[in-house]
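# Structural features, examined
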Amino acid sequence: MPYLRLSSLPLDEATKRYLADALTATVLDVLSTEKPEWTSIHFTAFEPGDFAIAGRLVSDGGIVDTHLEISAPGVDEKSWFALRNRLTDVVVEALGIPDSDRWHVNVKLNQYDPHSFAMAGNAADELEDLDEAGEREASSGAWWLRPAALLGFAVGAYVGYRWFVDRVGPRSEVDTAPPEPAVSVSN
């Protein structure tokens, strides 16, 4: 589940769309076991007055750096070499950075254990097992069992609710014992 965060000066929508497509394609080409729907890109813009390098704000003439962080599990050395070079190429091309300033594009890898990242409460290393189980269930012809069980539960809950409301609701009648006759005491 690759997650990329690009920190740069503000970008226009067309550049973001291009980068989203090109960065995703590059990551999926290098990390072929990953899925496009599990690949996220977060654009983080900063203003020239919010970034300094060598003690000078970019707004005061400091040279801006562009940072790309990628968080992904199980990136081996060969894949890391390919990622850092190819992702740098994509950013340099998209932002029109001259080759002489290529050194101002930084790529950082944050590797993580797939068990330490979760989606919908499931650890990343368990998602493929869930996917395979779902595919087996769908291909077994029993795809209708889960929806039927949920429908049965919903109907049962509704009927139970209606029964309860009829018994306890504002129109309900309560059985009570008749009042005791008044006892008169005579002397």
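Quick note: structure is the one above.
The rules behind each value
Residues numbered from 1 in each chain as written. Predicted model: local features only at pLDDT ≥ 70, side-chain atom pairs only at ≥ 80, totals over all residues. Heavy atoms only, no water. Pairing = 2+ DSSP bridges. Helix = DSSP H or I, 4+ residues; strand = E, 2+ residues; numbered from the N terminus. Axes fitted to C-alpha atoms, helices over the stretch in contact; angles between N-to-C directions. Contact = heavy atoms within 4.5 Å. Phe/Tyr/Trp six-rings, centres within 6.5 Å; stacked < 30°, edge-to-face > 60°. Buried < 20%, exposed > 50% of the residue type's maximum accessible area, 1.4 Å probe, protein only. Lys NZ or Arg CZ within 6 Å of the ring centre and 35° of its normal.

### A look at the sheet that holds strand β6 (residues 105-111)
- Spatially, β2-β1-β5-β6 is the arrangement adopted by the 4 strands of the open sheet, whose pairing is mixed. Two strands close off the open sheet at either side, each with one partner strand: β2 (40-45) and β6. Going from strand to strand, the sheet's axes swing by 15° on average, the running direction of each strand aside.
- In the sheet, strand β1 (residues 3-8) pairs with β2 via 6 bridges, with the strands oriented parallel. The partner of Ser7 across the bridge, within β2, is Thr44.
- The sheet contacts of helix α2 (residues 77-95) involve β1, β5 (66-72) and β6, and relative to β6 the element is tilted by about 140°.

### Some details on the packing of aromatic side chains
- The full count for this structure, using the stated rule, is 1 aromatic pair.
- Ring geometry for Phe46 versus Phe51: centroids 4.7 Å apart, planes at 20°, classification stacked. Side by side, Phe46 and Phe51 carry an identical accessibility label, which is buried.
- The ring of Trp38 has Lys35 lying over it, and the distance from NZ or CZ to the ring centre is 4.7 Å.

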